[in-house]
Amino acid sequence: MASSAPQHSPAPYGGASPVRKVTPRRLQEMREAGEKIVMLTAYDAVFAGLAGQAGVDVVLVGDSLGMVCQGGDSTVPVTMDDMVYHTQGVARGLAAADAASLLLSDLPFGSYHGGQDEAMRNAVRLMQAGAHMVKLEGGGWTAPLVRFLVERGVPVCAHLGLTPQTVHALSGYRVQGRDDAGAALLERHARELADAGATLLVLEMVPAALSSRITQALPACHTIGIGAGRGTAGQVLVMHDMLGASLGKTPRFVKNFLAGSGGVREAFAAYAQAVRQGSFPDDALHAW
Ligand code: KIV
């Protein structure tokens, strides 16, 4: 798509960075041009910088750090202080690499459940740590929070399907939206979150046909799939999983991109290329 957007990002004091940053506007342009959005988690400066150098569009400081960095069995114990600490490191890494990537950071469990003021206060902490957008999990009940944050200048990514912060209520890490009623509820929540102004929407472990339907219904809210088939506007993986760095079983929708590549940056670049070309995920990796 031809864009009238400036080709250089504004830099402080009127200078121009040669790097065109990934912004909500750029994500919309990518969507309209049919370019897939590449998202990957990172939790520290070096891996974030390598992801930026490899051309990852969105670097997510996920609360999955509670599992891959802290060794927990869920994301529930992750605190705001944890998120701020890791977001600061990732922001420094992206700056050092002069990366174009948008920095997305998770609001952890309990940091927005108390209402709009709490959500805003904690979103501000993440933005002041370097985040460009914040992510929160949950269905229709989060739509007023999304609207409140967006109206106050905080870009938001929503998250539906398997929402790991509510793993105990969901009775485990399981596929969501399999039956007609569950699918209809997910579609309704997706529309509510899009109407509230969410820029991105992570769809985790939902049937491919359902995530494709949601994607097509939402032209201005861009779906990012994880275990949700290839019909989404983009893909996300947990960095450790796609590097094959795991102490247990990796989910079956994950591919090891480090195997056969020349190093970590090359593995990130191979992932980005596979998402953009549409060769990841393939149907064999995703069968629900
Ligand atoms: O915390 C995280 O890493 C996430 C991704 C799995 C989307 O939310």
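Residues numbered from 1 in each chain as written. Predicted model: local features only at pLDDT ≥ 70, side-chain atom pairs only at ≥ 80, totals over all residues. Heavy atoms only, no water.

Caption draft 1: Main features of the nonpolar core. Grouped together as the largest cluster of nonpolar side chains are 89 residues, with contacts concentrated most on Leu-27, Leu-40, Leu-149, Leu-201, Leu-237, Phe-268 and Tyr-271. Not counting residues within four places of it along the chain, the set of residues in contact with Leu-27 comprises Val-22, Ile-37, Val-58, Leu-102, Met-133, Thr-199, Leu-200 and His-222. (Core = buried A, V, L, I, M, F, W, Y, C linked by side-chain atoms within 4.5 Å. Buried < 20%, exposed > 50% of the residue type's maximum accessible area, 1.4 Å probe, protein only. Contact = heavy atoms within 4.5 Å.)

Caption draft 2: Quick look at the packing of helix α4 (residues 80-96) against helix α5 (residues 116-129). Closest axis-to-axis distance for the α4/α5 pair is 8 Å, and the angle between their directions is 25 degrees. What the angle tells us is that α4 and α5 run roughly parallel. The handedness of the crossing between α4 and α5 is right-handed. Taken together, the residues of α5 that come into contact with α4 (itself represented by Met-80, Asp-81, Met-83, Val-84, Thr-87, Gln-88 and Ala-91) are Asn-122, Arg-125, Leu-126 and Ala-129. The residue makeup of the contact of α4 with α5, split by class, is six nonpolar, three polar and two charged. (Axes fitted to C-alpha atoms, helices over the stretch in contact; angles between N-to-C directions. Helix = DSSP H or I, 4+ residues; strand = E, 2+ residues; numbered from the N terminus. Parallel < 35°, antiparallel > 145°, perpendicular 65-115°, else oblique. Left-handed = near helix turned anticlockwise from the far one by under 90°. Nonpolar A, V, L, I, M, F, W, Y, C, P; charged D, E, K, R; others polar.)

Caption draft 3: Main features of the site of the ligand. Every one of the 13 residues lining the ligand counts as a neighbour, but Gly-62, Asp-63, Ser-64, Asp-106 and Lys-135 are closest to it. Contact between the ligand and Asp-63: an oxygen atom at 3.0 Å from a side-chain N or O atom of the residue. Here an oxygen atom of the ligand and a side-chain polar atom of Asp-106 are 3.2 Å apart. For the ligand, the accessible surface in isolation is 260 Å², of which the surrounding protein chains cover 96%. The class makeup of the residues in the shell around the ligand is five nonpolar, four polar and four charged. (Near = heavy atom within 4 Å. Polar contact = N/O pair within 3.5 Å; in protein donor to acceptor, adjacent residues only side chain to side chain. Areas by Shrake-Rupley, 256 points an atom, 1.4 Å probe, with all protein chains shown as cover.)

Caption draft 4: Main features of the UniProt feature "active site" (unreviewed entry) in the protein chain. Mapped onto this structure's residue numbering, the UniProt feature "active site" (unreviewed entry) falls at Glu-204. Inspection of the secondary structure puts Glu-204 in strand β8 (residues 200-204). By relative accessible area, which is 12% here, Glu-204 ends up buried. With near-sequence residues (within four places) excluded, Glu-204 lies in contact with His-159, Leu-160, Gly-161, Leu-162, Pro-164 and Ile-226. (UniProt positions renumbered as here; feature names shortened; annotations may be inferred.)

Caption draft 5: Structural view of helix α1 (residues 24-32). Of all the positions in α1, only Leu-27, Glu-29, Met-30 and Arg-31 are classed as buried. Backbone geometry just after α1 places Gly-34 at a positive phi near 75 degrees.

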